[in-house]
Amino acid sequence: MSKEEQQQHITSIGGQAVMEGVMMRGPFKTAVAVRKPDGDIECKVEENGTKTRKKFWRLPIIRGCVSFVDNLVIGMKALMFSAEFVDIEEEEKTESKFDKWLDDKFGDKIKDIVIYVSIAISLVFSIALFMVLPTFLTKGAEKIGTLIPPISAFTDSHLFTSLFEGIIRMVIFIGYLAIVSNMKDIKRVFQYHGAEHKTIACYEAGEELTVENIKKHTRFHPRCGTSFLLFVMIVSILLFALLPRVDMVILRVLMRLALLPAVAGISFEIIKFAGRSKSKWVAWLSKPGLWLQKLTTREPDASQIEVAIESMKPCIPENKEDDRW
């Protein structure tokens, strides 16, 4: 493969930051590298498996929903691994009776149970914050609007409902990121997030994965999960506008929840296209997501880049033709 071809290579490898580490997922392998308290790097590598899904699950839109669920589970497993490992050298904690009961009752399955319970709690929290709360606030704004004749015609319209909900959802999302990005521990996670992006960018440029090479690359990447979530916000405004107007808040929420798979699927296709395209208008479309990454990424140091390299290397297939986004 020529240097020019290497520079145009768009990898399918993606990942996420975890506690004191990085998870990378390639076409055949997934690796989680974590910096231990003693300074060494622990890397866990797993085969993705050879099971292929039926053609239906690989269709556009559908594959986005499948990928979203897969990433939730795999990401949570990586996070649990890193959290467990970071705590390994802390003072030994006394096992409570409840902990002992869980171990006796579920054994090795307890980790899987914790992972899926954590995902369920996260989903409930996200739905409450980004679906239920904006719907309630919009309903309140509609009631206020009826008391002010000059604006009542607008607040009673379906357009107002869709736009106002979308704006509130966006404000909550950006506000949440702005708050957590200033937390000390989260800043370190965001540094590893930056290391992940820079390492992938270096690989896509066809350069050797060294600390010095990686440092030169940007920490902003069009295929980032942050950009995906921003597209989710925008697509949801458009799709929710197609729903019939109803007065019951609970029914509004349920209708929006029913459309979430379509929102996730369409957003996945948009970010997939944006990640491959070199056109100027697509680059312009991707800019808001890249701007938002200023909150969710930080410039990493050399030690964090080293961790990202260790997680990246096992995920690179021998044949680059197997690694196309």
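Structure first, text after, so check above.
Note that the structure is predicted; figures quoted are calculated from it, not measured.

**Student:** Could you give me a rundown of the overall build of the protein, with the residues and numbers involved?
**Tutor:** Within the protein one finds twelve helices and four strands. Looking at the protein as a whole, 41% of its 325 residues qualify as buried. The contacts of the protein with a sequence gap of at least 6 include a subset with a gap of at least 24, amounting to 71%.

**Student:** How would you sum up the side chain of His 197? Please name residues and give values.
**Tutor:** Mapping His 197 onto the fold places it in helix H7 (residues 184–204). Residue His 197 is classed as buried on the basis of its relative accessible area, which comes to 3%. Setting aside residues up to four positions removed in sequence, His 197 forms contacts with Thr 218, Arg 219, Phe 220, His 221, Cys 224, Gln 293 and Thr 297.

**Student:** With reference to specific residues and values, describe helix H11 (residues 280–296).
**Tutor:** With 17 residues, H11 should reach 24 Å at 1.5 Å per residue; the first-to-last C-alpha distance of 24 Å fits that figure. Of all the bends in H11, the greatest reaches close to 40° and is centred on Lys 287; the proline Pro 288 follows between one and four positions later. The set of residues buried in H11 consists of Val 282, Ser 286, Gly 289, Leu 292, Gln 293 and Thr 296. Its buried side turned inward, H11 meets helix H6 (158–180), H7, helix H9 (225–240) and helix H10 (249–276).

**Student:** Go over H6, please, and point to the residues and values.
**Tutor:** Residue pairs three or four apart in sequence face the same way in an α-helix, which turns once every 3.6 residues. With 23 residues, H6 should reach 33 Å at 1.5 Å per residue; the first-to-last C-alpha distance of 33 Å fits that figure. Looking at H6, one finds that the buried residues are Phe 160, Thr 161, Ser 162, Glu 165, Gly 166, Ile 168, Arg 169, Met 170, Ile 172, Phe 173, Leu 177 and Val 180.

**Student:** Go over the nonpolar core with me, naming the residues and quoting the values.
**Tutor:** With 20 residues, the main nonpolar core has Ile 13, Met 24, Leu 209, Ile 214, Ile 305, Ile 309 and Met 312 as its most contacted residues. Those elements that place two or more of their residues in this core are strand S2 (21–25), strand S3 (29–35), H7, helix H8 (211–215) and helix H12 (302–312). The residues touching Ile 305, leaving out its near neighbours within four places in the chain, are Ala 195, Val 211, Ile 214, Lys 215 and Pro 300. In terms of nonpolar packing, the next biggest core, distinct from the first, is built from 13 residues, Phe 228, Phe 231, Val 246 and Val 263 among them.

**Student:** An account of the packing of H6 against H11 is requested, with residue identities and associated values reported.
**Tutor:** Two elements in contact, H6 and H11, have axes separated by 8 Å at closest approach and are oriented at 35°. Contact residues: H6 offers Phe 173, Ile 174, Leu 177 and Ala 178, while H11 offers Leu 292, Leu 295 and Thr 296. Classifying every residue of the contact of H6 with H11 gives six nonpolar, one polar and no charged.

**Student:** Can you break down the pattern of salt bridges residue by residue, with the values?
**Tutor:** In total, this model carries twelve salt bridges according to the counting rule given. For Glu 20, the salt bridge is made with Arg 188, and the minimal N-O distance between the two is 2.7 Å. Highlighted residues: Glu 20 in the loop between strand S1 (14–18) and S2 and Arg 188 in helix H7, separated in sequence by 168 residues. Among the salt bridges present, the one from Lys 215 reaches Glu 212, with a minimum N-O distance of 3.9 Å. Pair noted here: Lys 215 and Glu 212 are both in helix H8, with a separation of three residues, about one helical turn. For Lys 215, a relative accessible area of 41% puts it in the partly exposed group. Connected through salt bridges with shared partners, the residues Glu 165, Arg 169 and Arg 256 form a single ionic network.

**Student:** I'd like a rundown of the sheet that holds S2, residues and numbers included.
**Tutor:** With antiparallel pairing, the four strands of this open sheet are ordered in space as S1-S2-S3-S4. Looking at the sheet topology across the chains shown, the edges are occupied by S1 and strand S4 (41–47). Strand-to-strand twist of the sheet, defined as the mean angle between neighbouring strand axes without regard to direction, takes the value 15°. Where S1 meets S2, five bridges bridge the pair, whose relative direction is antiparallel. From the neighbouring strand, Gly 14 faces S2, where its bridge partner is Arg 25. In this fold H12 packs onto S2, S3 and S4, with an angle of close to 155° to the strand it touches most, S3.

Cut-offs and rules
- Residues numbered from 1 in each chain as written.
- Predicted model: local features only at pLDDT ≥ 70, side-chain atom pairs only at ≥ 80, totals over all residues.
- Heavy atoms only, no water.
- Helix = DSSP H or I, 4+ residues; strand = E, 2+ residues; numbered from the N terminus.
- Buried < 20%, exposed > 50% of the residue type's maximum accessible area, 1.4 Å probe, protein only.
- Contact = heavy atoms within 4.5 Å.
- Expected span 1.5 Å × (residues − 1).
- Bend = angle between axes of the 7 residues up to and from the residue.
- Core = buried A, V, L, I, M, F, W, Y, C linked by side-chain atoms within 4.5 Å.
- Axes fitted to C-alpha atoms, helices over the stretch in contact; angles between N-to-C directions.
- Nonpolar A, V, L, I, M, F, W, Y, C, P; charged D, E, K, R; others polar.
- Salt bridge = Lys/Arg side-chain N within 4 Å of Asp/Glu carboxyl O.
- Pairing = 2+ DSSP bridges.

None of this, on its own, says anything about what the molecule does.
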